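Below are the chains, spelled out letter by letter.
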Amino acid sequence: MEREGHERMMRHVIELARKASLEDKTGGPFAAVVVRDGEIIGASGNRVIAENDPTWHGEVGAIRDACRKLGTHDLTGCVLYTAGYPCPMCYAAAWWARIGHIYYAAEMEDALTYGDFDDSRIYAQFPLPESERQLASEPLLRSEMVEVWQAFHAMPDRVHY
């Protein structure tokens, strides 16, 4: 796709973000579309407030929409256009969906400056040892869960993804 096509997609995303945040007030000024072969196959504005769901970011919503429409979890060959630099959750969702490229409009610093959204605190946690992270985590009943993993691994007809 040429630059003009990318800009057209991004302007659509920016309008979705404007509608979600300023008109519908379903969440912050975030939105995204998933595009394959120049066609939008998934779209969503931020719906965190409307759905009482902290995971309903525009990117996650657009990925869910695209996967539902295509009947697959694999979005290989697709491009994600998003209103802002993806948070860690949205970046991971794009990764797991096998999105091929991400275009974003606003920088992480813009979300912090104009909306008090500070993803840098999350990114800063990743390199820390588990014991030093703000959100504590610890193993519990690993051996019981490993039995489930072993049974899953042994299934000849298990789904690979």
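Everything quoted here is computed from the prediction, not taken from an experiment.

Enquirer: What's the story with the packing of helix α3 (residues 58-70) against helix α4 (residues 88-96) in this structure? I'm lost.
Expert: Geometry of a packed helix pair, given as the angle between the helix axes and the separation of the axes. The contact between α3 and α4 brings their axes to 8 Å, and the two run at 20°. Considered as vectors, α3 and α4 are oriented roughly parallel to each other. For the crossing formed where α3 meets α4, the hand is left-handed. Residues Glu 59, Val 60 and Ile 63 of α3 form the contact with α4, whose own contacting residues are Met 89, Cys 90, Ala 93 and Ala 94. Counted by class, the contact of α3 with α4 contains six nonpolar, no polar and one charged residues.

Enquirer: Help me understand the packing of aromatic side chains in this model?
Expert: Aromatic ring pairs: the centre-centre distance and the angle between the two ring planes describe each pair. The full count for this structure, using the stated rule, is five aromatic pairs. With a centroid separation of 5.0 Å and an interplanar angle of 90°, the aromatic rings of Tyr 85 and Tyr 104 are classed as edge-to-face. Note that Tyr 85 is positioned in the loop between β3 (79-84) and α4 and Tyr 104 in strand β4 (residues 101-106), a separation of 19 residues in sequence. The exposure class assigned to Tyr 85 is partly exposed, which follows from its relative accessible area of 32%. Exposure remark for Tyr 104: the relative accessible area of 33% places this residue in the partly exposed category. Seen from their ring centres, Trp 149 and Phe 152 are 6.0 Å apart, and the 85° between their planes marks the pair as edge-to-face.

Enquirer: Looking at this structure, how should I read a nonpolar patch on the surface?
Expert: Together, Tyr 91, Trp 95 and Trp 96 make up an exposed nonpolar region whose accessible area comes to about 450 Å². Checked against the element boundaries, Trp 96 lands in helix α4. Owing to a relative accessible area of 64%, Trp 96 belongs among the exposed residues under this scheme.

Enquirer: Any chance you could explain the environment of Leu 135 here in plain terms?
Expert: Mapped onto the elements of the fold, Leu 135 is located in the loop between α6 (120-125) and α7 (142-154). Note on Leu 135: relative accessible area 72%, which makes it exposed. Sequence separation between Leu 135 and Gln 125 is ten residues; the distance between their C-alpha atoms is 8.7 Å.

Enquirer: Whenever I open this one, the environment of Trp 95 confuses me. Can you help?
Expert: The topology assignment puts Trp 95 in helix α4. A relative accessible area of 59% means that Trp 95 is categorised as exposed. Each C-alpha atom of the pair Trp 95 and Leu 75 lies 9.6 Å from the other, and the pair is 20 residues apart in sequence.

Enquirer: Before we go on, may I ask you to explain the sheet that holds strand β2 (residues 39-45) in this structure?
Expert: In a beta sheet, neighbouring strands pair by backbone hydrogen bonds and run either parallel or antiparallel. As summarised here, the arrangement of the four strands in space is β2-β1-β3-β4, forming an open sheet in which the pairing is mixed. In the strand order of this sheet, the two ends are held by β2 and β4, each with one partner. Mean inter-strand twist for the sheet, computed between neighbouring axes without regard to direction, equals 15°. Where β3 and β4 come together, five bridges link them in parallel fashion. When the sheet's bridge partners are listed, Val 79 is paired in β4 with His 101.

About the cut-offs
- Residues numbered from 1 in each chain as written.
- Predicted model: local features only at pLDDT ≥ 70, side-chain atom pairs only at ≥ 80, totals over all residues.
- Heavy atoms only, no water.
- Axes fitted to C-alpha atoms, helices over the stretch in contact; angles between N-to-C directions.
- Helix = DSSP H or I, 4+ residues; strand = E, 2+ residues; numbered from the N terminus.
- Parallel < 35°, antiparallel > 145°, perpendicular 65-115°, else oblique.
- Left-handed = near helix turned anticlockwise from the far one by under 90°.
- Contact = heavy atoms within 4.5 Å.
- Nonpolar A, V, L, I, M, F, W, Y, C, P; charged D, E, K, R; others polar.
- Phe/Tyr/Trp six-rings, centres within 6.5 Å; stacked < 30°, edge-to-face > 60°.
- Buried < 20%, exposed > 50% of the residue type's maximum accessible area, 1.4 Å probe, protein only.
- Patch = residues over 30% accessible without salt bridge, like charges linked within 9 Å, V, L, I, M, F, W, Y side chains within 5 Å.
- Areas by Shrake-Rupley, 256 points an atom, 1.4 Å probe, with all protein chains shown as cover.
- Salt bridge = Lys/Arg side-chain N within 4 Å of Asp/Glu carboxyl O.
- Pairing = 2+ DSSP bridges.

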